[in-house]
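So the chains spell out like this:
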Amino acid sequence: MHLFRSHNYQVFPDRSAVETPTIRGISWTPLPEALNSKDTMKQFLSDRVVKAARSVYSVMIERNPGLIRDRKYHLKTYRQCCSGKELVDWLMKQNECLQSRSQAVGMWQVLVDEGIIVHVKHELNFHDKDTQFYRFQDSEFGLNHVTNEKEWEDELQEALSLLSQLGPDALLTMILRKCPSQRSAEDLEVIYEELLHVKAAAHLSTSVRKELAAVLVFESHAKAGTVLFSQGDKGTSWYIIWKGSVNVITHGKGLVTTLHEGEDFGQLALLNDAPRAATIILREDNCHFLRVDKQDFIRILKDVEANTVRLEEHGKTVLVLEKSTDWAAQGGAGNNSKYTVMSGTPEKILEHLLETVKLDSNGNDAIAPCVSDFLLTHKVFMPSSQLCPALHHQYPLMVNNY
């Protein structure tokens, strides 16, 4: 798709004609085909963010001029800055639709990523703390822009709307940049939810996604042409492409394929403990990856195998269950594990559900989620003509009483 393509037209009327002039020719001058639409879109979005920052800064200076001031911390003075906590407090007051402070953190992170506000010690992540200070790069981005006071409110709401749309992605990137050991339970939940939408993780079970959320490492490279690893290298990590694309190249064949966002590579060398089978080269600038190191990758595989139960009949697997534990229950007393159905024949899945769910004769118990899921989807793999006889087989006395 070509974005923002402009065309210049010149119309020449036929002056020799006696009647209404007609068009003799059209001169068409399109922009060069080499225009990179991704770069154009990125610049357009960046310009909108700067405009939003200008509105936020103008309103802040007008309404709360004392927010930006010199700060002292640990016997050191930081000139003309704000604390992260104060910035979040201010944003929460301006936008009543914000449901949590983490949403406001994501909005400020958008401005940190653009370099519009900078941590006094040049840290990449925005912190909602009294002791973390940030400066607006007002002169560099022309933030000292005076607007009509009547237009402030409209421009501010438009700016906050844009930042709130971009905030979740910025917040997610910020969380991924954290050292895995420093991620909170809320951070892990955010990563897990995102993995639900990643192509490479779509086939993975819930417990595997949760384990991945705890060990994924964010890795970025700025320049196209960068070699991530070479054919023959020792395999040390599995990669998921978070942003950008890479070329897969092998000796003798050259370019084999191109991988894009959501796709993965590097598993084979880890599974087989073999050298890399191909060279991976960045196809474009500013590529981001989610990396799982070999030690964590192997451990997760072993955990999956240890927590998987397979039921076989006549040499065929008829039911696969996986033991899972909620994050909230981890570290607590007691056995909070339960088994989740991963696959199986319709009859065995139904049998398992009926065995694990206690039925109240009065029908007052809440229906378990697994039963609700089965009732909503059973027609796909078990039509009612099969379901009713199966239930009759499980509860012959209950059916005969009606």
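The model shown is predicted, which means the values in this text are computed figures rather than measured ones.

Draft legend 1. Molecular detail of the sheet that holds strand β5 (residues 117-119). Taking strand neighbours across the sheet as the criterion, the 4 strands line up as β3-β4-β6-β5 in an open arrangement whose pairing is antiparallel. With partners counted over all chains shown, the strands left at the sheet margins are β3 (69-73) and β5, one partner each. Neighbour-to-neighbour, the strand axes of this sheet turn through a mean angle of 50 degrees, independent of strand direction. Where strand β4 (residues 76-83) meets strand β6 (residues 133-136), 2 bridges bridge the pair, whose relative direction is antiparallel. Residue pairing across strands places S83 opposite F133, the latter belonging to β6. On the sheet, helix α2 (residues 84-94) packs against β3, β4 and β6 and is oriented at approximately 15 degrees with respect to β4.

Draft legend 2. Structural detail: the packing of aromatic side chains. Applying the stated criterion across every chain, the model contains 12 aromatic pairs. When the centroid spacing of 6.4 Å and the interplanar angle of 20 degrees are considered together, the rings of W108 and F126 count as stacked. Placement of the pair is W108 in helix α3 (residues 101-113) and F126 in the loop between β5 and β6, with a sequence separation of 18 residues. W108 sits in the buried class, given a relative accessible area of 1%. With 6.1 Å between their ring centres and 85 degrees between their planes, F265 and F289 make a pair best called edge-to-face. Here F289 lies in strand β14 (residues 287-293) and F265 lies in strand β12 (residues 264-265), a separation of 24 residues in the sequence. The same class applies to F265 and to F289, which are both buried. Through successive ring pairs, a cluster of aromatic residues spans Y57, W108, F126, Y134 and F136.

Draft legend 3. Fine view of the side chain of Q109. With respect to the helices and strands, Q109 occurs in helix α3. Ignoring sequence-local partners within four residues, the contact set of Q109 consists of L124, N125, F126, A170, M174 and R177.

Draft legend 4. Representation of the sheet that holds strand β8 (residues 227-229) in the model. Strand order in the open sheet made by the 4 strands is β8-β13-β10-β11, with antiparallel pairing throughout. Across the chains shown, the open sheet's two edge strands, defined by having one partner strand only, are β8 and β11 (254-259). Mean inter-strand twist for the sheet, computed between neighbouring axes without regard to direction, equals 30 degrees. Sheet topology note: the strand β10 (residues 246-250)/strand β13 (residues 279-282) ladder contains 4 bridges and is antiparallel. When the sheet's bridge partners are listed, I249 is paired in β13 with T279.

Draft legend 5. Geometry of the environment of L301. Tracing the chain through its elements places L301 in helix α9 (residues 294-306). In this structure, the C-alpha to C-alpha distance between L301 and L271, residues 30 residues apart in sequence, is 9.5 Å.

Draft legend 6. Structural view of the pairing of strand β9 (residues 237-243). Across the 7 residues that make up β9, a large majority, 6, are buried. Bridging between β9 and β14 involves 6 bridges; their strand directions are antiparallel. Among the inter-strand pairings, K243 is bridged to a residue of β14, identified as H288. Where β9 lies against β12, 2 bridges are found, and the strand directions are antiparallel. Bridge pairing links Y239 to F265 in β12.

How each quantity is defined
- Residues numbered from 1 in each chain as written.
- Predicted model: local features only at pLDDT ≥ 70, side-chain atom pairs only at ≥ 80, totals over all residues.
- Heavy atoms only, no water.
- Pairing = 2+ DSSP bridges.
- Helix = DSSP H or I, 4+ residues; strand = E, 2+ residues; numbered from the N terminus.
- Axes fitted to C-alpha atoms, helices over the stretch in contact; angles between N-to-C directions.
- Contact = heavy atoms within 4.5 Å.
- Phe/Tyr/Trp six-rings, centres within 6.5 Å; stacked < 30°, edge-to-face > 60°.
- Buried < 20%, exposed > 50% of the residue type's maximum accessible area, 1.4 Å probe, protein only.

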